[in-house]
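Secondary and tertiary structure notes
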Amino acid sequence: YELSSYFNNPYAHFMLGNLYSNGDILNINLLQAINYFSKSIKINSGEKIKTKNPMNNQISFSYMNNNYRYISYNSLGLIYMTILKNVQKAEDNLKESAFAEYPFGQNNFGLFSQFYLNKVANAEYMYERSSKHNFSLAEYNLGYLKEIDKKPSESIQYYIQASDHVNEPLVYRDTHYDDKRLEIS
């Protein structure tokens, strides 16, 4: 991944961010994780990328499709929220991910809105957007909100949907993504 990252590949940046943030293969290094996620974010889809081959100094151009940009925003938001406790940066990154229709990002921004901003209506909206993608955690969160509002029939319906969709893969922009944090939750 490091060589591919050198050539400015957004997937490589994203994967290195994951490797440095989850500790499965590499030691956790949050500065490196933030650096690589940020590099992935900087590459817009369809952007012309200039790379220089270090072996022969040849310069080439390519167009990158970056399906990992908004997933990287979500990962950064989670680092800022859960580890670094930087509420503003967490909000900024989670919001970018959520408004780009990334289901996990929408659910996470809903949680952020509910528990950090105390904006339950915004949280409910984000959970609803996420549930349109059959995202079971969002459906569970909607069930919980309906339970608090003393709407048991709606609550049960959302819990049933969550149970029905619990094994659905996380797919975003035709990219299947396995997220360790999602599996744990």
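Notes on the structure in this doc start here. (Residues numbered from 1 in each chain as written. Predicted model: local features only at pLDDT ≥ 70, side-chain atom pairs only at ≥ 80, totals over all residues. Heavy atoms only, no water.)

A closer look at the environment of lysine 50
In plain terms, the rule: Counting from the N terminus, the helices are the DSSP runs of H or I reaching at least four residues and the strands are the DSSP runs of E reaching at least two. In what follows, a contact means two residues having at least one pair of non-hydrogen atoms within 4.5 Å.
If you trace the backbone, lysine 50 turns up in strand β1 (residues 47-52). Considering only alpha carbons, one finds lysine 50 and alanine 98, 48 residues apart in sequence, at a separation of 29 Å. The contacts of lysine 50, once residues within four sequence positions are left out, are Ile59, Ser60 and Phe61.

Here's the deal with helix α8 (residues 136-148)
For clarity, the cut-off: One fewer than the residue count of a helix, multiplied by 1.5 Å, yields its expected span. Working definition: with a 1.4 Å probe on protein chains only, accessible area under 20% of the residue-type maximum means buried, over 50% means exposed, and in between means partly exposed.
Taking 1.5 Å of rise per residue, 13 residues should cover 18 Å, and α8 covers 18 Å from first to last C-alpha, within 8% of that figure. Along α8, the positions that sit buried rather than exposed are Ser136, Ala138, Glu139, Asn141, Leu142, Gly143, Leu145 and Lys146. Contact partners of the buried residues in α8: α6 (103-115), α7 (120-131) and α9 (152-165). Just beyond α8, the residue with positive phi is lysine 150, at close to 60°.

A word on the packing of helix α4 (residues 69-83) against α6
Each pair of packed helices gets described by two things: the angle between the helix axes and the distance between those axes. To keep things clear, this is the line we draw: Axis lines are fitted to C-alpha atoms, over the contacting stretch for helices. Their N-to-C directions set the angle, which ranges from 0 to 180 degrees. We call two directions roughly parallel when the angle between them is under 35 degrees, roughly antiparallel when it is over 145, roughly perpendicular when it lies between 65 and 115, and oblique otherwise. Crossing chirality is assigned from the near helix's rotation relative to the far helix, an anticlockwise turn below a right angle marking it left-handed and a clockwise turn marking it right-handed.
Running from N to C, α4 and α6 cross one another at 25°; their axes reach a closest spacing of 10 Å. The angle between α4 and α6 falls in the class roughly parallel. Note that α4 runs across α6; the crossing there is left-handed. The residues of α6 that touch α4, namely those facing Asn74, Leu78 and Met81, are Phe104, Gly105, Asn108 and Phe112.

So, the packing of aromatic side chains
As a reminder, the rule being used: Stacked, tilted and edge-to-face are the three classes assigned to paired rings of Phe, Tyr and Trp, where Trp is represented by its six-membered ring and a pair needs centres within 6.5 Å; plane angles under 30 degrees give stacked, over 60 edge-to-face, the rest tilted.
Evaluation of the coordinates by the stated rule reveals 13 aromatic pairs. A centroid spacing of 6.3 Å and a plane angle of 15° characterise the contact between phenylalanine 109 and phenylalanine 112, whose relative ring orientation is stacked. Of this pair, phenylalanine 109 and phenylalanine 112 are both found in helix α6, 3 residues apart, which corresponds to roughly one turn of the helix. By relative accessible area, phenylalanine 109 is classed as buried at 6%.

Here we look at the pattern of salt bridges
To keep it simple, the criterion reads: A pair is scored as a salt bridge if a Lys or Arg side-chain nitrogen falls within 4 Å of a carboxyl oxygen belonging to Asp or Glu.
The full count for this structure, using the stated rule, is 4 salt bridges. With a closest N to O distance of 2.8 Å, glutamate 124 and lysine 146 form a salt bridge. Here lysine 146 lies in helix α8 and glutamate 124 lies in helix α7, a separation of 22 residues in the sequence. Assigned by exposure class, glutamate 124 and lysine 146 land together as buried. One salt bridge connects lysine 146 with glutamate 154, and the closest N-O pair in it is separated by 3.6 Å. Beyond isolated ion pairs, a larger network of salt bridges with shared partners links Glu124, Lys146 and Glu154.

Points about the packing of α8 against α9
The condition is simple: Only Asp, Glu, Lys and Arg are considered charged, only Ala, Val, Leu, Ile, Met, Phe, Trp, Tyr, Cys and Pro nonpolar, and every remaining residue, Gly among them, polar.
Interhelical geometry of α8 versus α9 gives an angle of 165° and a closest axis separation of 8 Å. Considering the angle they form, α8 stands roughly antiparallel to α9. Crossing angle aside, the handedness with which α8 passes α9 is left-handed. On α9, the residues touching Ser136, Glu139, Tyr140, Leu142, Gly143, Tyr144, Lys146 and Glu147 of α8 are Glu154, Ser155, Tyr158, Tyr159, Gln161, Ala162 and His165. In terms of residue class, the contact of α8 with α9 is made up of 6 nonpolar, 5 polar and 4 charged.

Purely geometric stuff here, so don't read any function into it on its own.
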